[in-house]
Amino acid sequence: MTSQPNDSASASSAPLPATTSIVGFVAGPLQTNCYVLIDSARTTEQGKYPAVVIDPGMGAFATIQEQADEQNFAVEAVVLTHGHIDHIRDAQPFAVPVYIHPEDKSMLSMDWSNAPFGSMFEAENMQTPADIRELEGSIDMAGATWEIHHMPGHSPGSVMFRVPGLILGGDVLFCGGVGRTDLPGSSPEDMMLSLKKVVTEFADDDVVLSGHGPQTTIGQEKATNPFLHEVG
Ligand SMILES: [Zn+2]
Ligand SMILES: [Zn+2]
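Participant: Is there a simple way to think about the overall build of the protein in this case?
Facilitator: A count of helical and extended segments in the protein gives five helices and 15 strands. For the protein, the C-alpha radius of gyration of 17 Å lies close to 17 Å, the compact-globule estimate for 232 residues. Over its C-alpha atoms, taken along the principal directions, the protein stretches across nearly 50 × 45 × 30 Å. Looking at the protein alone, contacts between residues at least 24 apart form 62% of all its contacts between residues at least 6 apart. Of the accessible surface of the protein, which amounts to about 10100 Å², a share of 50% is contributed by carbon and sulfur atoms. The averaged location of the 30 negative side-chain charges in the protein is 3 Å from the averaged location of its 10 positive side-chain charges.

Structure (structure tokens):
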């Protein structure tokens, strides 16, 4: 698990190997999509498949512990698309390194109990992860090197992770919608620039696994999503 500055642009980027599988489920009161990337091409010293958790919402820790026993994987890192409570709620209990963009990093240590949604997520029971690392450039997860695209607007440190053909999109782009920009730290202006990048930098066949709702593709959203027409 490394995140490194992106000197060579996305030159090293390759599609997800067939030995990597993705398990997705919905967690918590805001129906947040949580994903587990499992690399069955390798095993840890304990004979388990190494896995990475994306956006562990409320309840994700218990769900993933069960899955880990059944499917013989071990979580080696938690990686966050952004710092909102519905995506970070269960990051700390895994006791592994937690990766987040520097501009959302403070959300991992802030007191959410008086913030919007705090009580809904039992924020008083949250603790700051012990090992927080910053996302920058690209990141190796589950047998692939993922491009990290900084897409501020919904939150200052929102990112989208991409390998050719697949994007883990967080709350930037949804099937038929985009992330809210009326939250503390949001910026509608930044969101417009980020959506412009979505339209110009990604491939039409890229499948998008969003932070909420069903999966989609860049091509489908370019054709049907009114928010992308505004920026195109
Ligand atoms: Zn969010
Ligand atoms: Zn969300």
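On we go.
Participant: I tried to follow helix α1 (residues 60–71) on my own but got confused; where do I start?
Facilitator: Think of an α-helix as 3.6 residues a turn; residues three or four steps apart then line up on the same face. The first and last C-alpha atoms of α1 sit 16 Å apart over twelve residues, in line with the 16 Å expected at 1.5 Å per residue. Turning to α1, its buried residues number three or more, namely A60, I64, Q67 and A68. Projection of α1 onto a plane perpendicular to its axis shows the buried side chains occupying an angular sector of 105 degrees, all on one side. Exposed and oriented more than 90 degrees from the buried face of α1 are E66, D69 and E70. Residues of α1 that are buried make contact with β2 (20–27), β3 (32–39), β4 (49–54) and β5 (73–79). Just downstream of α1, N72 is the residue with a positive phi angle, here 60 degrees.

Rules used in this analysis
Residues numbered from 1 in each chain as written. Chains lettered and ligands numbered in written order. Predicted model: local features only at pLDDT ≥ 70, side-chain atom pairs only at ≥ 80, totals over all residues. Heavy atoms only, no water. Helix = DSSP H or I, 4+ residues; strand = E, 2+ residues; numbered from the N terminus. Rg over C-alpha atoms; globule rule 2.2 N^0.38 Å. Contact = heavy atoms within 4.5 Å. Areas by Shrake-Rupley, 256 points an atom, 1.4 Å probe, with all protein chains shown as cover. Lys, Arg positive; Asp, Glu negative; His and termini not counted. Charge placed at Lys NZ, Arg CZ, Asp CG, Glu CD. Expected span 1.5 Å × (residues − 1). Buried < 20%, exposed > 50% of the residue type's maximum accessible area, 1.4 Å probe, protein only. Arc of directions from axis to C-beta.

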